[in-house]
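Examination of the molecular architecture
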Amino acid sequence: MKWIKVHHYDAFSKLPNKGNPAGVVLNGGELSDEEMQEIAYKAGFNETAFLLKSEAADLKIRFFTPGQEMNLCGHATMATIYALKTKGLLGNKKEFTLETKAGILPIKINTSPKNEILITMKQASPQFREFKGCKEALANSIGLAGSDINDSLPILYGSTGAWTLLIPIKELEAFKRMRPDNQQFPSILKEMPKASLHPFCLQTYDKQADMHARHFSSPYSGTVEDAVTGTASGVIGVYFIEYIKHDKFDGTLDLVVEQGLEIDKDGRVMVRVSKSDDSYDVEITGNAVFVKDFDVLLE
C-alpha cells in the first residue's frame, strides 16, 4: 500500500469550485496503468491527469476517467499546465510540446493584462461522422422531446481528440430540463457506442458568449456530466464554421463557449479556429485555479 498525492485544480475558471475539476498527479512515471486507473476512480473527478516524461515531446500526459483512459482531455491539460507553471516547474518557458494519445500537441502560456495565466492548447485535426440513429430516442435519453432538437442543423459525431455527439438544441430553456440517462447512450449511438453527448445552442446567458452547452459522459467513463469541456468546445468551433457561419468565415474564427451553469460550475472556453490547407487548426484557451491537495491510498 502507498499514498499518492493528488492536486485538485478547477479549469476554465478563476474561482475555486467553479469550472471543471480535475486531478493532477505529478509523479505518473512511477505508476502502472492499473494504479493510474485506481487513483482516478478513487479521486472521483471526471478526469485525472498523470504527468510522465516523454521521448517525443517536452511533456507527456495520460488522462483517466473513473472508468477508462481517454486519448485527450482539455480541462485536465489546463489544470496540469497551470500546476506546473505556478509551482515553478516550467521556468520561463512559454511554448512547448505535449505528448498525448491523440498526438503531439503544441502548448503556449501567456499572461493577460490582469496578470492572469492563460494556457492555449492546440487540438488534433477535426473529424466528423454521421449520426444515423433515432432522433426521438436521442432526445429522450437526455430528458427532452425530439421537437427540442434544431432540425435546421445536423446531429454529428465530432472529434478533435475525443469523440462526442454534437446535438443542436433550439432554445436555451431546454438545458434546464435536461436529465441524462447515460445508460441509454450506447444503444442509441450505434456508430460510436462510447461517445459522449454534447447538446448546444446559439442562445446564451452571457452576452459575451457565442454558444451555450452541456456535456454528458459515456457510461463507460463512470461519470454523468462534464462541467466545462475543452475538447468538445474545440470541435464545436469547427462545426460552427461548417454549418452555421460558413459563408461568413474569413479564415479565423474566435468563439466563447459557456458551460456548467445548470450545475453551478460556470466556466468559459475560448476557441480559435483557423484555416489550414484543406483542414482547420483548432486551439482552446483557458485558465485554472488551485483548490486543494489530498492523498489517495493505493491498495
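In this report, the structure presented in the accompanying data block is examined. Keep in mind the model is a prediction, meaning the values are calculated, not measured.

1. Points about the packing of aromatic side chains
This model, assessed by the stated rule, comprises 9 aromatic pairs. Geometrically, the ring pair formed by Y9 and F290 is edge-to-face, given 5.3 Å between the ring centres and 65° between the ring planes. Taken together, the residues Y9 in strand β1 (residues 2-11) and F290 in strand β17 (residues 288-298) connect sequence positions 281 residues apart. The partly exposed category is assigned to F290, whose relative accessible area is 37%. Following the ring pairs from residue to residue traces out a cluster consisting of F128, F200, Y239 and Y243. Directly above the ring of Y220 sits K194, whose terminal nitrogen or CZ lies 5.3 Å from the centroid. Positioned over the ring face of Y280 is K275, at 4.5 Å from the centre of the ring.

2. Brief notes about the pattern of salt bridges
For the structure shown, the criterion picks out 20 salt bridges. A salt bridge links D33 to R62; the nearest nitrogen and oxygen atoms lie 2.9 Å apart. Separated by 29 residues along the polypeptide, D33 in helix α1 (residues 33-43) and R62 in strand β4 (residues 59-64) bring together distant segments of the chain. With its nearest N and O atoms 3.3 Å apart, the salt bridge here joins K122 to D281. Separated by 159 residues along the polypeptide, K122 in strand β8 (residues 117-122) and D281 in strand β16 (residues 279-286) bring together distant segments of the chain. Given a relative accessible area of 26%, D281 falls into the partly exposed group. One continuous salt-bridge network, built from bridges that share partners, spans D33, R62, E69 and K101.

Basis of the calculations
Residues numbered from 1 in each chain as written. Predicted model: local features only at pLDDT ≥ 70, side-chain atom pairs only at ≥ 80, totals over all residues. Heavy atoms only, no water. Phe/Tyr/Trp six-rings, centres within 6.5 Å; stacked < 30°, edge-to-face > 60°. Helix = DSSP H or I, 4+ residues; strand = E, 2+ residues; numbered from the N terminus. Buried < 20%, exposed > 50% of the residue type's maximum accessible area, 1.4 Å probe, protein only. Lys NZ or Arg CZ within 6 Å of the ring centre and 35° of its normal. Salt bridge = Lys/Arg side-chain N within 4 Å of Asp/Glu carboxyl O.

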